[in-house]
Amino acid sequence: MKPTRYAEQQILDEDIKNVIDTLQSDYLTQGPQTLKFEKSLSEFCGSEFAVSCNSATSALHLACLALGIGPQSLVWTSPISFVASANCAVYCQSDIDFVDIDINTANIDTTSLKAKLELSRRKGRLPNAIIVVHMGGAPADLEKISELSKEFGFKVIEDASHALGATYKGSTVGSCKYSDLTVFSFHAVKIITAGEGGAVTCNSPELQQKMERARSHGITRDRALLLSDNNEPWYYEQHSIGFNYRMSDIGASLCNSQLQRLDTNIQRRNQIASLYTEKLSQSVFSCQKVLSNSLSAFHLFICQLDFAKKQLTKKQLFEHFQKIKVNLNVHYIPIHLQPFYRSKGFKDGQFPQAEEYYARAFSLPMHLNLTDEMVIIIAGELLNFAKKCK
Ligand SMILES: *Cc1c(COP(=O)(O)O)cnc(C)c1O
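Computed from a prediction, not measured in an experiment: that's the story for all the values here. (Residues numbered from 1 in each chain as written. Predicted model: local features only at pLDDT ≥ 70, side-chain atom pairs only at ≥ 80, totals over all residues. Heavy atoms only, no water.)

K.L.:
Looking at this structure, I do not really get the sheet that holds strand β12 (residues 286–287). What am I missing?
P.N.:
The pairing of strands in a sheet happens through backbone hydrogen bonds and is either parallel or antiparallel. The strand order β12-β14-β15 describes an open sheet built from three strands, whose pairing is antiparallel. In the strand order of this sheet, the two ends are held by β12 and β15 (361–364), each with one partner. Sheet analysis places strand β14 (residues 301–304) next to β15, joined by four bridges and oriented antiparallel. Bridge assignment links Gln304 to a residue of β15, and that residue is Ala361. In the packing of helix α9 (residues 262–280) onto the sheet, the strands contacted are β12, β14 and β15, and the crossing angle to β14 comes to about 15°. Where helix α12 (residues 352–360) meets the sheet, its contacts fall on β14 and β15, and the angle it forms with β15 comes to roughly 50°. (Pairing = 2+ DSSP bridges. Helix = DSSP H or I, 4+ residues; strand = E, 2+ residues; numbered from the N terminus. Contact = heavy atoms within 4.5 Å. Axes fitted to C-alpha atoms, helices over the stretch in contact; angles between N-to-C directions.)

Below is the structure:
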């Protein structure tokens, strides 16, 4: 079998052609391809706006800034995510805390969330924003979180880095029906790629304007917004501190090409997931639970095994798969247990479901270069490994 990683990009001739066309055009950085991508992405998601940028990390930063997250703020997120979901709050000098997950869905547990909100209200400090992660592409319980956001007065940012093409109760993730802003990643391992890239969708022109300005040094050239009535053709003004978070037209042209195959991309990922699920049913392994009202984008295919109970280790599983050149992975080491977050006072045992999930979870290969045959071999190897179970 061909060696495989947990995630791989798929680049077809049409993608290469689109990128070459851009290389031969007048624009390499933010230009017509970027604008086209923003329009297509917001159409796909059903949002008013999309602001492209150079990574989901910068997208998360722009989203926090647009909501006014700053030194007095408190942001909550899931401990089971990539560190970027928490780091964006730290960029804004905000306080950060976590909400435990539901071990079956790997997403924020809305019962824990409600309990933590009630406790925090009694203590007199509620979060300003919650960053909701759609783990592996499976939507979190957005409606419930949106209800809580109204009751407790916090903003909602969806970290949909895994979830481009996912749906929740019939609405596309990114529509912001249940949130203020939604962030996507176009890193090479994600659902579609720009090489490196990200975007934020929203329905508020104020948020869009703030993010566009922060994306490019805090500068505006919009005549209507200038403080001076200077009309010299080169004139621009910097109104706030900003960054260079722009997406390149080279990356956008790759996304534009890949976005056209998104529906078949998601269908294929769901087929692979069904095949794994079928082969692993009746086994010691459990697959990530997707809410019955949702369609997962399946960026990841996450399995769990109670290694301790079976007197096996995850390292043994990884070594077993290395022999057939299959690179498994783990998503994720709980963020609060990273040395940086421990140095802020977080400790073992604070988010027990997340920690137990981490002990059990691993990710099987999930990408468009997988054949059914490969999926069947990988599932078969897992079942072989399970024979070692006590
Ligand atoms: C990949 C990822 C990010 C960061 O994406 P980049 O585009 O690499 O900056 C943020 N959050 C989650 C959940 C991710 O998986």
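K.L.:
For this particular structure, what's the right way to read the pairing of strand β1 (residues 49–53)?
P.N.:
Remark: a regular strand shows side chains that alternate across the two faces of the sheet. Across the five residues that make up β1, a large majority, five, are buried. Here β1 shows two buried faces, one formed by Phe49, Val51 and Cys53 and the other by Ala50 and Ser52. (Buried < 20%, exposed > 50% of the residue type's maximum accessible area, 1.4 Å probe, protein only.)

K.L.:
I tried to follow the site of the ligand on my own but got confused; where do I start?
P.N.:
Near the ligand you find 15 residues, and of these Thr57, Asp159, His162, Ser185 and Lys190 are the closest. At 2.6 Å, a side-chain N or O of His162 approaches an oxygen atom of the ligand. Expressed as a share of its isolated accessible area of 380 Å², the protein-covered part of the ligand is 92%. Where the shell around the ligand is concerned, the elements lending two or more residues are α3 (56–66) and α4 (84–91). Class assignment of the residues belonging to the shell around the ligand gives a composition of four nonpolar, nine polar and two charged. (Near = heavy atom within 4 Å. Polar contact = N/O pair within 3.5 Å; in protein donor to acceptor, adjacent residues only side chain to side chain. Areas by Shrake-Rupley, 256 points an atom, 1.4 Å probe, with all protein chains shown as cover. Nonpolar A, V, L, I, M, F, W, Y, C, P; charged D, E, K, R; others polar.)

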